[in-house]
Amino acid sequence: MSQVEDVLTALPACVAGEVYRLPPEITLVDQLFVELSGEQPGCVALLALADSLLSNLRVWENLILPACYHRHAHTAQLESRVVDALQLLNIEESVRKPLLDSLPSGLDIQRKRELVLARAFIQAPHYVLVEPLWLDWASDLPLWQALAAQSVVLIVGGNEGRPLLDVSPLRDQEMQDQT
Amino acid sequence: MSSDCARLCLIQLLPYFIFLMPDLLRRPAFLSALADLRRWPVRRVLLKQIYFTGVEALLMMLIVGFVLGGIVVSQLHDQYGQSREASLRLLASLTFSELSPLFTALILVARSSSAVASELAAMKVHGELSSLARMGIPLASYLIVPRLVGMTISAAALALYLALAALLGGVVLSSGWDITYQVVLLDRIMQPSMLIVCVCKGALFGFIAVVLACWVGLSAQPYVTEIPKASSRAVMRGLLAVFLLDFGWSLLA
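Residues numbered from 1 in each chain as written. Chains lettered and ligands numbered in written order. Predicted model: local features only at pLDDT ≥ 70, side-chain atom pairs only at ≥ 80, totals over all residues. Heavy atoms only, no water.

**Quick notes on the overall build of chain A**
Moving on, step 1. Counting its regular elements, chain A contains 9 helices and 5 strands.
Moving on, step 2. Put simply, chain A runs from its N terminus to its C terminus through helices and strands in the order α-β-α-β-α-α-α-α-β-α-α-β-β-α.
Moving on, step 3. Counting over 179 residues, chain A shows a buried share of 47%.
Moving on, step 4. Taking the intrachain contacts of chain A between residues at least 6 apart in sequence as the baseline, contacts between residues at least 24 apart amount to 76%.
Moving on, step 5. Surface accessibility of chain A: about 8,800 Å² in total, with carbon and sulfur atoms responsible for 51%. (Helix = DSSP H or I, 4+ residues; strand = E, 2+ residues; numbered from the N terminus. Buried < 20%, exposed > 50% of the residue type's maximum accessible area, 1.4 Å probe, protein only. Contact = heavy atoms within 4.5 Å. Areas by Shrake-Rupley, 256 points an atom, 1.4 Å probe, with all protein chains shown as cover.)

If you want it as C-alpha cells, here you go:
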C-alpha cells in the first residue's frame, strides 16, 4: 500500500480534538488533500503560512467562501460562526463591521493570518492539515484551540502530535497477529 | 475562395482555443463548472462580472452608439447624397450586422479584458489561486466560467443597446426631434435576423475576448511586473482575435 493509502486507512480511527503527525513527505499533503476533498468536498482545511485572503473579495465574503461554496451551512449558522470566530480573536464589536466590510489589502499580515484561521474555523472542517510553522504561530490563539477541538488536526512533519500511522487499524491488526 | 480564406482564419484562431484552459475543453469538467453556477459564491462572481462589464459600460455604450448613428447618417446623407430613408436603412444594416458588435468588442477589450487579465495575474502573483485550490474550490468553476458567461451575456446585450442607440442617433440627426415618421419607418427597416446577427456576433466577440483575457491572466508568470504585461497582452490579442473573427464571419456570410 502507498503511504497515502496507509494514511487514508488510519484516518477513520482518528478522534476529533486530537493532534496527529503525518510523515514529512512533500507530495503526501497534496495527494491526501485531493483524496479527502474528492470523497467529501470541503471536509478538509489546509493551513499554511503562504495562505492568503482573496483581494477582490471583502473580508466577510472571504470568511464564508469555503463554507458557502461547499454548502456546509445555512446563512444563520454562518453568521453565528463568524461572530464566534471574531469573538475568539478578541475583535471588539465596534471594529467588527468596518473590518468585515473592508478589503484585505488594507490589513496587516498578522490580521490576515488570523482571518485565514477564522475562515477555516467557519468552514468547520473534519480534518485540518497544518504545517508546523503555522502551528508555532497559532498554537496559543483561542481560535486555533477551538478549531483544533472540533477537528482532527494533522501536522505535516515536525515533532508534535501522535504519529498517525501508529493508529492505523491495519497496524493494530498486524501487531495482534504477531502477538 | 472566400470560404477557404475564412477557414484559414479560423484555423489561425484554433490554437487559442486548443491551448486555452484544457479543463474547459474536457466536456464533463466544463459541464460541472457550468453547473457550479448554482452555487451562491459563483453566482455572485457572475453577477459582479455582469455589473462591471455590462451595467457600468452601458451609459458609455449608449452615448457612443448615439454619436455613431449620427455620424453615419450625416456622412451618408450629406457627403454621399443618400435620402434620409436610405441612410437609415443603410445605418440599420451596417450597425446591427457590423459596427455595433465590433465597436462593443473593441470597447470591452479595452475596458474589461485588460481588467480581467490583470486581476487574474495579480491573483496568481499574490498566491490567491493556490489559496483557492487549498480551499477545494476549482479555478474553472469559480474564476473562469462566471467571467466567460458574464462577459458573453454583457457583450451580447451591449451590442444590441449600442445598435439601438445608433439607430436613435441616426433618426434624431436625420429628422430632428420630430421622429414620428422615422419611428414608423423602423418597422420596415428592422428585421429579426438583424437582431439575431447582432446579438450572436456580440456574444461571440465578447466570449473570445474574455477567453483570451483569462488565458493571458492565468498564464502570466508570478511576478508583479507581469501584471501590466498581462493586461496589455490581453488587449492586443483580444483586438487581433476580434478583427480576425469578424473577417472570417464576413467571408463566411
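Continuing now.
**Considering helix 8 (residues 142-150) of chain A**
Moving on, step 1. Residues A:Leu143, A:Trp144, A:Leu147 and A:Ala148 constitute the buried set of helix 8 of chain A. Summarising the axial view, the buried residues of helix 8 of chain A lie within an arc of 135°, below the 170-degree limit, and thus occupy one face. (Arc of directions from axis to C-beta.)

**So, unusual backbone geometry**
Residue and element names in this part refer to chain A.
Moving on, step 1. For Asn 90, which is not glycine, the phi dihedral falls at a positive 60°.
Moving on, step 2. Within the secondary structure layout, Asn 90 lies in the loop between helix 4 (75-88) and helix 5 (93-101).
Moving on, step 3. Judged by relative accessible area, Asn 90 falls into the exposed class, the value being 64%.
Moving on, step 4. Unlike most non-glycine residues, Ala 124 shows phi in positive territory, near 50°.
Moving on, step 5. As for its placement among the helices and strands, Ala 124 is situated in the loop between helix 6 (109-123) and strand 3 (127-130).
Moving on, step 6. Taking relative accessible area as the criterion, Ala 124 reaches 32% and is therefore assigned partly exposed.

**Notes on the interface of chain A and chain B**
Moving on, step 1. Listed by partner, the interface residues are 20 residues for chain A and 24 residues for chain B.
Moving on, step 2. Around 1,900 Å² of area is buried between chain A and chain B when both sides are counted, 54% of it from carbon and sulfur atoms.
Moving on, step 3. At the surface where chain A touches chain B, the tally comes to 3 salt bridges.
Moving on, step 4. A:Glu61 is paired through a salt bridge with B:Arg44; the nearest N and O atoms lie 2.4 Å apart.
Moving on, step 5. On inspection of chain A and its partner chain B, the count reaches 10 residue pairs in polar contact (both at pLDDT 80 or more). (Buried area = accessible area lost by both parts, 1.4 Å probe. Salt bridge = Lys/Arg side-chain N within 4 Å of Asp/Glu carboxyl O. Polar contact = N/O pair within 3.5 Å; in protein donor to acceptor, adjacent residues only side chain to side chain.)

**Considering the nonpolar core**
Moving on, step 1. By size, the foremost hydrophobic cluster in this structure holds 72 residues, and its most contacted members are A:Leu65, B:Leu132, B:Tyr142 and B:Leu143.
Moving on, step 2. Those elements that place two or more of their residues in this core are helix 3 (59-69) of chain A together with helix 4 (40-79), helix 5 (84-125), helix 6 (128-134), helix 7 (139-175), helix 8 (180-189), helix 9 (192-218) and helix 10 (226-252) of chain B.
Moving on, step 3. The greatest single-element share of this core, amounting to 17 residues, is contributed by helix 5 of chain B.
Moving on, step 4. If you look at the next biggest cluster of nonpolar residues, it comprises 38 residues, including A:Ala85, A:Leu107, A:Leu115 and A:Ala120. (Core = buried A, V, L, I, M, F, W, Y, C linked by side-chain atoms within 4.5 Å.)

**So, the sheet that holds strand 1 (residues 19-22) of chain A**
The strands making up a sheet associate through hydrogen bonds between their backbones, and the pairing can be parallel or antiparallel.
All names here are of chain A.
Moving on, step 1. Ordered in space as 2-3-4-1-5, the 5 strands form an open sheet in which the pairing is parallel. In this open sheet, the two strands that pair with only one neighbour each are strand 2 (44-47) and strand 5 (162-163).
Moving on, step 2. In this sheet, strand 4 (residues 152-156) lies alongside strand 3 in parallel orientation, the contact comprising 4 bridges. Residue pairing across strands places Tyr 127 opposite Val 152, the latter belonging to strand 4. (Pairing = 2+ DSSP bridges.)

**A closer look at the pattern of salt bridges**
Residues and elements named next belong to chain B.
Moving on, step 1. One pass over the full model with this rule turns up 13 salt bridges over all chains.
Moving on, step 2. Across the salt bridge formed by Lys 229 and Glu 226, the nearest N and O atoms sit 3.5 Å from each other. One end of the pair is Lys 229 and the other is Glu 226, both in helix 10 and 3 residues apart, which spans about a single turn.
Moving on, step 3. You can call Lys 229 partly exposed: its relative accessible area is 42%.
Moving on, step 4. For Glu 226, a relative accessible area of 9% gives the class buried.

**Examining the packing of aromatic side chains**
Moving on, step 1. In total, this model carries 3 aromatic pairs over all chains according to the counting rule given.
Moving on, step 2. Measuring from centroid to centroid gives 5.6 Å for B:Tyr51 and B:Phe52, while their planes differ by 70°, and the two rings are edge-to-face.
Moving on, step 3. What makes B:Tyr51 partly exposed here is its relative accessible area of 42%.
Moving on, step 4. Geometry around A:Trp137 places A:Arg113 over its ring, the cationic atom sitting 5.8 Å from the centre.
Moving on, step 5. The lysine or arginine in question, B:Arg39, covers the ring of A:Tyr69, its NZ or CZ lying 4.4 Å from the ring centre. (Phe/Tyr/Trp six-rings, centres within 6.5 Å; stacked < 30°, edge-to-face > 60°. Lys NZ or Arg CZ within 6 Å of the ring centre and 35° of its normal.)

**Section: the pairing of strand 3 of chain A**
Residue and element names in this part refer to chain A.
Moving on, step 1. Of the two faces of strand 3, the one carrying Tyr 127 and Leu 129 and the one carrying Val 128 and Val 130 are both buried.
Moving on, step 2. Pairing of strand 2 with strand 3 involves 4 bridges; the strand directions are parallel. Across the sheet, Leu 46 pairs through a bridge with Leu 129, a residue of strand 3.

**Here's the deal with the confidence of the model for chain A**
Low pLDDT means the predicted coordinates in that region are not meant to be read closely.
Moving on, step 1. The share of residues in chain A with pLDDT of 70 or more is 91%, and the mean pLDDT across the chain is 84.
Moving on, step 2. Per-residue pLDDT, averaged within each element of chain A, yields its smallest value for helix 9 (residues 169-178) of chain A (54) and its largest for helix 3 of chain A (93). (pLDDT = per-residue confidence, 0-100.)

**Description of the environment of A:Leu36**
Moving on, step 1. With respect to the helices and strands, the residue A:Leu36 is situated in helix 2 (residues 26-39).
Moving on, step 2. Sequence separation between A:Leu36 and A:Tyr127 is 91 residues; the distance between their C-alpha atoms is 8.8 Å.

**A look at helix 6 of chain A**
Residue and element names in this part refer to chain A.
Moving on, step 1. The terminal C-alpha atoms of helix 6 lie 21 Å apart, and with 15 residues this matches the ideal 21 Å at 1.5 Å per residue to within 8%.
Moving on, step 2. What helix 6 keeps buried is the set Glu 114, Leu 115, Val 116, Leu 117, Ala 118, Arg 119, Ala 120, Phe 121, Ile 122 and Gln 123.
Moving on, step 3. On the buried face of helix 6, the contacting elements are strand 2, helix 3, helix 4, helix 5, helix 7 (132-138) and helix 8.
Moving on, step 4. Measuring from the backbone nitrogen of Gln 110 back to the side-chain oxygen at the start of helix 6 gives 3.2 Å, which picks out Asp 108 as the cap.
Moving on, step 5. Once helix 6 ends, the next one or two residues include Ala 124, with phi positive near 50°. (Expected span 1.5 Å × (residues − 1).)

**Comments concerning the environment of B:Pro228**
Moving on, step 1. By secondary structure assignment, the location of B:Pro228 is in helix 10.
Moving on, step 2. Between the C-alpha atoms of B:Pro228 and B:Ser118, which are 110 residues apart in sequence, the distance is 6.5 Å.

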